[in-house]
Amino acid sequence: MGNVAVGVAVIGAAAVVGVAALVVRQQMKSSGSWARAMAIVKEFEEKCGTSDVKLKQVADAMTVEMHAGLASEGGSKLKMLISFVDNLPTGDEKGVFYALDLGGTNFRVLRVQLGGKEGGIVHQEFAEASIPPALMTGSSAALFDYIAEKLANFVDKEEKIFHQPPGRQRELGFTFSFPVMQTSIDSGTLIRWTKGFSIDDMVGQDVVAELTKALQRKGVEMRVSALVNDTIGTLAGGKYANKDVDVAVILGTGTNAAYVEHAQAIPKWHGPLPNSGEMVINMEWGNFRSSHLPLTDYDHALDVESLNPGEQIFEKITSGMYLGEILRRVLLRIAEEASFFGDDVPPKLKIPFVLRTPEMSAMHQDTSSDLRVVGVKMKDILEISNTSLKQRRVVVELCNIVATRGARLAAAGILGVLKKMGRDTLRDGGPEKTVIAMDGGLYEHYTEYRNCLENTLSELLGEEIASSIVTEHSNDGSGIGAALLAASHSQYLEDKSR
Ligand code: BGC
């Protein structure tokens, strides 16, 4: 009996030693994994660095590219597209106008009644619908038919408060937020798609002609009087509300900027000099690229696997379509190389674009002491349960790195535009007031991003100049702006009875 008891005790002791060794090994393994994960995070942070010196280099490169793009067609990665808008709305515009806004995940139709100087915007109504993903990569006819049908339904609901003069054709401003080579205010051909759209039969086609055909197919009696980019619409809408608006920036699914240029400073413009002496330029800054941009391996991989490799590099590190995806890629790497979420890599983490920027923003802005929102999002979206507070903190840190880089680079882009306009230095009589109309879901809803952008811009400009530069949210300025431009280019403009 005694021997047996000793034997059991020995086996028991050996088992205890074994378990202890396993625990220690496990701990060593997990602390090694943790260290590895932290090393990956640190390296990522360093590569995303945006010192003020770097941002100034980015701004200077932006200014240089702006000159090159204005000098000749194809002279730069920045297309610097001529919008054919040489007069921004004055406030005299009158009548009922429609706008159609296509350019991201959602599209909107809008109806406004403009009341001229005294009346302003008398009535406005809008409807919104999402674009079914299949239509983003299908045929142009399918996409335009879908839009035309939604517009037809909206027109059917026009009420009497909108005073449409009898016998008059309805007019529409079309905000089409992709790079378009305009041939006039109401025509232009699509250069290429961005933001996950890829419809081959549309590239090189006249956008207005395609929409007009679809409107006819759906029986909508309407003339497209203005074709504009969302930045141009935002600038026009912004100017209508505040005459100091001279720049518009979109930070949404994609990103871009437009500004008012002296027509004489556009060597590639061979048309007649506009009376105003000005021309609005759609920069297409999303396609900006420079050796000064802090790009990481994650960005290169995202770009290579995208629908438009080699294009829209600035957009791919600053805009809403991509920020969540960059975060996913870093999380996947720490899961794979440092077992950050345990021995198995969570399968959901492998799905491209599963982590969207609004969710990233919610995690980044989680103020609860236990980072509850982060925990819930990790579970709901990525099916990773029971994350520790330590892990959640790392997730928030990664959100911060990705958003900070994007916001600071966007600020540098704005500085580049202000430099080109000569608004970044003091002039005789003090600094000139410049208002930048801002729009897009990223700017509107991601507070950390917006604050970082605005603080960085002030920091880069210096206190005195910063006091004369104002960023202003122009809510749905692009839709109103397109309607205003349709009004100022109306076929009935000579008819003073309006
Ligand atoms: C498009 C621009 C557009 C911007 C913001 C970019 O992807 O190329 O035309 O203005 O997104 O919507």
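Residues numbered from 1 in each chain as written. Predicted model: local features only at pLDDT ≥ 70, side-chain atom pairs only at ≥ 80, totals over all residues. Heavy atoms only, no water.

**A short note on the overall build of the protein chain**
Part 1: Secondary structure summary: the protein chain contains 16 helices and 13 strands in total.
Part 2: Taking the principal axes of the C-alpha coordinates as reference, the protein chain spans close to 115 × 55 × 40 Å.
Part 3: Long-range pairs, those at least 24 residues apart, make up 72% of the contacts in the protein chain between residues at least 6 apart in sequence.
Part 4: Taken together, the 51 basic and 63 acidic charged side chains of the protein chain have centroids lying 4 Å from each other. (Helix = DSSP H or I, 4+ residues; strand = E, 2+ residues; numbered from the N terminus. Contact = heavy atoms within 4.5 Å. Lys, Arg positive; Asp, Glu negative; His and termini not counted. Charge placed at Lys NZ, Arg CZ, Asp CG, Glu CD.)

**Here's the deal with unusual backbone geometry**
Part 1: Positive phi is not limited to glycine here, since Q312 has a value of about 55°.
Part 2: Counting through the fold element by element, Q312 comes out in the loop between α7 (297-304) and α8 (313-318).
Part 3: Overall, the relative accessible area of 1% leaves Q312 in the buried class.
Part 4: One non-glycine residue, N386, lies in positive phi territory at about 55°.
Part 5: Position of N386 among the secondary structure elements: in the loop between α11 (372-382) and α12 (389-420).
Part 6: Its relative accessible area of 76% is what places N386 among the exposed residues. (Buried < 20%, exposed > 50% of the residue type's maximum accessible area, 1.4 Å probe, protein only.)

**Digging into the packing of helix α10 (residues 357-364) against α11**
Part 1: Running from amino to carboxyl end, α10 crosses α11 at an angle of 150°, the nearest separation of the two axes being 8 Å. When the interaxial angle is binned, α10 and α11 end up roughly antiparallel. Judged by the sense of rotation from one axis to the other, the crossing of α10 with α11 is left-handed. In this structure, α10 contributes E359, A362 and M363 to the contact, and α11 contributes V373, V374, K377, M378 and I381.
Part 2: Residue composition of the contact of α10 with α11, grouped by class: 6 nonpolar, no polar and 2 charged. (Axes fitted to C-alpha atoms, helices over the stretch in contact; angles between N-to-C directions. Parallel < 35°, antiparallel > 145°, perpendicular 65-115°, else oblique. Left-handed = near helix turned anticlockwise from the far one by under 90°. Nonpolar A, V, L, I, M, F, W, Y, C, P; charged D, E, K, R; others polar.)

**Description of the site of the ligand**
Part 1: What surrounds the ligand is a group of 14 residues, the closest being T194, N229, D230, E284 and E315.
Part 2: With respect to the ligand, the backbone of F178 contributes an N or O atom lying 3.4 Å from an oxygen atom.
Part 3: Between the ligand and the protein, one listed contact pairs an oxygen atom with a side-chain N or O atom of T194 at 2.8 Å.
Part 4: With the chains in place, 98% of the 310 Å² that the ligand exposes on its own is no longer accessible.
Part 5: The residue makeup of the shell around the ligand, split by class, is 3 nonpolar, 7 polar and 4 charged. (Near = heavy atom within 4 Å. Polar contact = N/O pair within 3.5 Å; in protein donor to acceptor, adjacent residues only side chain to side chain. Areas by Shrake-Rupley, 256 points an atom, 1.4 Å probe, with all protein chains shown as cover.)

**Considering the side chain of T255**
Part 1: The topology assignment puts T255 in strand β10 (residues 255-262).
Part 2: Residue classification places T255 among the buried residues on the basis of a relative accessible area of 5%.
Part 3: Polar side-chain contacts of T255 include one of 2.8 Å to the backbone oxygen of I250.
Part 4: Setting aside its immediate chain neighbours within four residues, T255 contacts I250, W285, G286, E315, T318 and S319.

**Regarding the sheet that holds β10**
Part 1: The strand order β1-β11-β10-β9-β12-β13 describes an open sheet built from 6 strands, whose pairing is mixed. Of all strands in the sheet, those bounded by a partner on one side alone are β1 (81-82) and β13 (469-473).
Part 2: Bridge count for strand β9 (residues 245-251) against β10 is 5 bridges, and the pairing is antiparallel. Of the residues in β10, the one forming a bridge with V247 is Y259.
Part 3: In the packing of helix α14 (residues 447-461) onto the sheet, contacts are made with β9, β12 (434-439) and β13, and the angle to β13 comes to roughly 165°. (Pairing = 2+ DSSP bridges.)

**Considerations on the sheet that holds strand β2 (residues 94-102)**
By way of backbone hydrogen bonds, the strands of a sheet pair with one another, either parallel or antiparallel.
Part 1: Sheet architecture is open: 5 strands sit in the order β4-β3-β2-β5-β8, paired in mixed fashion. Edge positions in the sheet fall to β4 (121-130) and β8 (222-228), since each has one partner strand and no second. Each neighbouring strand pair of the sheet contributes to a mean axis angle of 20°, computed without reference to strand direction.
Part 2: Sheet topology places β2 next to strand β5 (residues 170-176); 5 bridges connect them, and they run parallel. In the strand pairing of β5, A99 is matched with G173.

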